[in-house]
Amino acid sequence: MLTYRLIDDNDGKFIYEYYPDGDENAAGVISFDKSGNPIKVVDSVADVKRYYAGHACRGISIGKENGVVAWY
């Protein structure tokens, strides 16, 4: 599970922080272009194998202020 928060919406580019297991001390950053494609990822220190980054790329609802991505 991860939580996310929109930190910037500039000219159709959306930048989010994502928090593995809701841990705001281990934030990662991901940005999306106008089409919703991920263009840049800054990995979280808690995301050794990039599992959370992958779920963030596929699970964040572009344009939404905040939310949760869960999987099993």
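Residues numbered from 1 in each chain as written. Predicted model: local features only at pLDDT ≥ 70, side-chain atom pairs only at ≥ 80, totals over all residues. Heavy atoms only, no water.

(A) View of the sheet that holds strand E1 (residues 2–10). As summarised here, the arrangement of the five strands in space is E4-E3-E2-E1-E5, forming an open sheet in which the pairing is antiparallel. If you trace the sheet from one side to the other, it starts and ends with strand E4 (38–42) and strand E5 (66–69), each paired once. Within this sheet the neighbouring strands show an average axis-to-axis angle of 25 degrees, counted without direction. Bridge analysis of E1 against E5 gives four bridges, and the strand direction is antiparallel. Considered in E5, the bridge of Arg5 is made with Asn66. (Pairing = 2+ DSSP bridges. Helix = DSSP H or I, 4+ residues; strand = E, 2+ residues; numbered from the N terminus. Axes fitted to C-alpha atoms, helices over the stretch in contact; angles between N-to-C directions.)

(B) Examining the packing of aromatic side chains more closely. On inspection of all chains with the given rule, the structure shows three aromatic pairs. Each ring, one from Tyr4 and one from Tyr16, has its centre 5.6 Å from the other, and the planes form 80 degrees; the classification is edge-to-face. With Tyr4 in strand E1 and Tyr16 in strand E2 (residues 13–20), this residue pair connects regions lying 12 residues apart in the sequence. For the pair shown, Tyr4 and Tyr16 are each scored as buried. (Phe/Tyr/Trp six-rings, centres within 6.5 Å; stacked < 30°, edge-to-face > 60°. Buried < 20%, exposed > 50% of the residue type's maximum accessible area, 1.4 Å probe, protein only.)

(C) Representation of unusual backbone geometry in the model. Of note in the backbone geometry, Asp11 takes a positive phi value of approximately 55 degrees without being a glycine. Relative to the helices and strands, Asp11 resides in the loop between E1 and E2. Phi is positive for Asp21, close to 55 degrees, though the residue is something other than glycine. In this fold, Asp21 is placed in the loop between E2 and strand E3 (28–32).

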